Amino acid sequence: MSSSPNKTFDFALYVISTLSLTPSDVDIQPLSGGFTNLTARVTFKRSIHFPSDRTPPLSSAILKYAAPFMAAFPDAPVSMNRQAVEAKALELLANNSHSDPLPELTALIHQLPSLKLPRLIHHDESRNVLWITDLGPLELLTDYLVKEPPPPSEAIERVARTLGAFLSGMFSLTQNPPKELLDGLSDSKHLIHGLLTSFMEKHLLAREVPDTPALVVRVTTAVDRVPEEPCLGLVDFWPGCVLVDEKGECGLVDWEYFGVTSPGLDLGGLIGHLHVTLLRDNLSQEAIQSTRTFLSTFYATYSQRYPQATQAFQRDFLITYGREMFVLLNQYADKLTEEAKRRAADAGTRALKAAGDSSEEVDLSPLDGMDPLLFEGILAMLCPST
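Residues numbered from 1 in each chain as written. Predicted model: local features only at pLDDT ≥ 70, side-chain atom pairs only at ≥ 80, totals over all residues. Heavy atoms only, no water.

Focus on the overall build of the protein
Heads up, the rule is: Starting at the N terminus, helices and strands are each numbered in turn, a helix being any DSSP run of H or I of at least four residues and a strand any DSSP run of E of at least two. The size measure is the radius of gyration over C-alpha atoms, and the globule rule it meets is 2.2 Å times the number of residues to the 0.38 power. With a 1.4 Å probe rolled over the protein chains alone, any residue whose accessible area is under 20% of its type maximum counts as buried; one over 50% counts as exposed, and the rest are partly exposed. Contacts are assigned to residue pairs that have any heavy atoms within 4.5 Å of one another. For accessible areas, the Shrake-Rupley method is used with a probe of radius 1.4 Å. Any residue's cover is judged against the shown protein chains and nothing else. The charged-residue count follows a simple rule in which Lys and Arg add positive charge and Asp and Glu add negative charge, with His and chain termini not counted at all. Here the site of a charge means atom NZ of a Lys, CZ of an Arg, CG of an Asp or CD of a Glu.
For the protein, the helix and strand inventory stands at 13 helices and eleven strands. Its C-alpha radius of gyration of 21 Å places the protein within 12% of the 21 Å reference for a compact globule of 386 residues. The principal-axis extent of the C-alpha atoms belonging to the protein is close to 65 × 55 × 50 Å. Expressed as a percentage of the 386 residues in the protein, the buried residues total 56%. Long-range contacts, defined as pairs at least 24 residues apart, comprise 73% of the intrachain contacts of the protein with a sequence gap of at least 6. On the protein, roughly 16,700 Å² of surface is accessible, and the fraction owed to carbon and sulfur atoms is 52%. Measuring between centres, the 32 positive side-chain charges of the protein sit 3 Å from its 48 negative side-chain charges.

Okay, structure coming up:
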């Protein structure tokens, strides 16, 4: 008889024993928002100098504990290598040495003062704990956009411009990454893609969507293959990766699947998630306007570097956008009316059908008749010059 997986981790005991502190020396705050790991903020009553860290003393840090399953879905296995991937990703992004393998990308990061990236403090491989710097009191992007009273439009636009400039730059500067750069990066993306696709299949079947088996194969094949336009990205990219403060500065977190992706695959999930946010029940007009302001500014900034969308981009975007619309029927089950769920499922089905079985077969005509609120955003990404 197998035992059930341990869904908890004693961060206080771990920190105290690792740093030879007493319980009164630390304060532990469990953090929510992610699905893969157990995460906490540790605040030290007196600043400490981490033994393996060469930076100034720490007053706080973020700790991520990894188990061989997803924290939110204990029956879903996940590669333990994800922590090593995140550690390498953060080292690459913070590299300032002459041997920097991504000098143009690190230069771009320094050119975006509103962008915050966590820095690696320590990877405790024996205990499966990743120590990273604390970016401070930030909100998830979706919470930030729908809160009351709404943030100033100038702050929202600042977040969107920063994110659009960084993502378009990262995708462009890491096109066709060399094999030696990929060693040690994400080998577990297929597990997260498989889990998300299984959620999608469940809802396709429940709604008796025609050609469900073919649509599932279409998505599975698209996310498992080497993309036509390969670059580096977060792979499992959603608004939970974007944290925002009241001034409009944004942090990018959760780099544990960092590896080969494509611009379309990464952005489809992000935009799909924000589109489902627009359908949430009891959302104020101010919150809807805040989200639309973010999206329109993001589209405009991103398209400055990518003024034309290739068919390969269109297909990849439609695949993850369509999948996300069904995946979020789980996450937002209690925040969407039945009519909103129908609108999301309709948009998802149309996107998956428009994607075709190859980039040459992309056909945007199934998008006709999509919810107008969502269609304008789809059009802005797929046909930016229109």
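Now that the structure has been shown, we can carry on.
Some points on the pairing of strand S5 (residues 120–124)
For clarity, the threshold we go by: We treat two strands as partners when DSSP finds at least two bridges between them.
Most of S5 is tucked away, with four of its five residues classed as buried. The antiparallel hairpin formed by S5 and strand S6 (residues 129–132) contains four residues in its connecting segment, where Asn 128 sits at a positive phi of about 60°.

Thoughts on the pairing of strand S2 (residues 38–48)
Sheet topology note: the strand S1 (residues 26–31)/S2 ladder contains six bridges and is antiparallel. Along S2, the bridge assignment pairs Leu 31 with Thr 39. Across seven bridges, S2 lies against strand S3 (residues 58–65) in antiparallel orientation. Opposite Thr 43, over in S3, you have Ser 60 as the bridge partner.

Details of the sheet that holds S3
Where strands meet in a sheet, backbone hydrogen bonds hold them as pairs that are either parallel or antiparallel. Basically, it comes down to this: Here an angle of 0 to 180 degrees is reported between the N-to-C directions of two axes, which are lines fitted to C-alpha atoms, with helices fitted over the stretch in contact.
Taken in spatial order, the five strands make up an open sheet running S1-S2-S3-S6-S5, and their pairing is antiparallel. Either end of the sheet is taken by a strand with one partner, and the two such strands are S1 and S5. Looking at each pair of strands side by side, their axes are set apart by 20° on average, direction ignored. Relative to S6, S3 runs antiparallel, the two being bridged by four bridges. From the neighbouring strand, Lys 64 faces S6, where its bridge partner is Leu 130. With respect to the sheet, helix H1 (residues 11–19) is in contact with S1, S2, S3, S5 and S6, its orientation differing from that of S2 by roughly 45°. Together, S3, S5 and S6 form the strand contacts of helix H2 (residues 82–94), whose direction differs from that of S5 by roughly 155°.

Looking at the nonpolar core
Stated formally: Definition of nonpolar core: a set of buried residues of the types Ala, Val, Leu, Ile, Met, Phe, Trp, Tyr and Cys, connected through side-chain atoms within 4.5 Å.
Among the nonpolar cores identified, the biggest contains 96 residues, and Phe 166, Trp 255, Leu 267, Phe 294 and Phe 298 are the most heavily contacted of them. Residues contacting Phe 294, with those up to four places away along its chain left out, are Leu 141, Leu 145, Ile 156, Val 159, Ala 160, Leu 163 and Leu 274. By size, the runner-up hydrophobic cluster in this structure holds 22 residues, among which are Leu 21, Val 26, Phe 44 and Leu 58.

Looking at the pattern of salt bridges
Here is the rule: Any carboxyl oxygen of Asp or Glu within 4 Å of a side-chain nitrogen of Lys or Arg constitutes a salt bridge here.
Overall, the coordinates contain 18 salt bridges when judged by the stated rule. Among the ionic pairs, Glu 376 bridges to Arg 292, the shortest N-O distance being 2.7 Å. Taken together, the residues span a long stretch of sequence, with Glu 376 in helix H13 (residues 372–382) and Arg 292 in helix H10 (residues 285–305) at a distance of 84 residues. Given the relative accessible area of 41%, Glu 376 is considered partly exposed. Connected through shared salt-bridge partners, Lys 64, Glu 86, Asp 254 and Glu 256 make up one network.

Brief notes about the packing of aromatic side chains
How we decide: Between the rings of Phe, Tyr and Trp (Trp by its six-membered ring), a pair exists once the centres lie within 6.5 Å; its type follows the angle of the planes, with under 30 degrees stacked, over 60 edge-to-face, and the other angles tilted. Any Lys NZ or Arg CZ that is within 6 Å of a ring centre and within 35 degrees of that ring's normal is treated as a charge sitting over the ring.
Applying the stated criterion across every chain, the model contains 13 aromatic pairs. With 5.7 Å between their ring centres and 55° between their planes, Phe 9 and Tyr 14 make a pair best called tilted. Take Phe 9 and Tyr 14: they sit in the same class, and that class is buried. The ring of Tyr 332 carries Arg 280 above its face, with NZ or CZ at 5.2 Å from the centroid.

Regarding the sheet that holds strand S4 (residues 115–116)
A sheet is described by the order of its strands in space; here four strands give the open sequence S4-S10-S9-S7, paired in mixed fashion. Either end of the sheet is taken by a strand with one partner, and the two such strands are S4 and strand S7 (139–140). The strands that helix H5 (residues 153–173) touches are S4, strand S9 (242–244) and strand S10 (250–252); relative to S10, the one it contacts most, it runs at about 35°.

Some words on the packing of H5 against helix H9 (residues 263–278)
Put simply, the test is: Reported orientations rely on four angle classes, namely roughly parallel under 35 degrees, roughly antiparallel over 145, roughly perpendicular from 65 to 115, and oblique for the rest. Classification used: nonpolar for Ala, Val, Leu, Ile, Met, Phe, Trp, Tyr, Cys and Pro, charged for Asp, Glu, Lys and Arg, polar for all others including Gly.
With their axes 10 Å apart at the nearest point, H5 and H9 run at an angle of 155° to one another. Here H9 runs roughly antiparallel to H5, going by the angle between their axes. Residue-level inspection shows Leu 163, Leu 167 and Phe 171 of H5 in contact with H9, the latter providing Pro 263, Asp 266, Leu 267 and Leu 270. Among the residues forming the contact of H5 with H9, the class breakdown is six nonpolar, no polar and one charged.

Points about the environment of Pro 56
Looking at the element boundaries, Pro 56 is found in the loop between S2 and S3. The sequence separation of Pro 56 and Lys 247 amounts to 191 residues, and the corresponding C-alpha distance is 25 Å.

Side note on the environment of Phe 11
Among the secondary structure elements, Phe 11 is positioned in helix H1. With 369 residues separating them along the chain, Phe 11 and Ala 380 place their C-alpha atoms 44 Å apart.

What about the side chain of His 193?
So the rule is basically this: Each polar contact in these results corresponds to two N or O atoms within 3.5 Å; when the atoms are within protein, one needs to be able to donate a hydrogen and the other to accept it, and residues that are neighboring in sequence are counted only if both atoms are side-chain atoms.
In this fold, His 193 is placed in helix H7 (residues 189–206). Classification of His 193 as buried rests on a relative accessible area of 6%. A polar side-chain atom of His 193 sits 3.1 Å from a polar atom in the side chain of Arg 323. Leaving out residues up to four positions away in the same chain, His 193 has contacts with Val 223, Val 235 and Arg 323.

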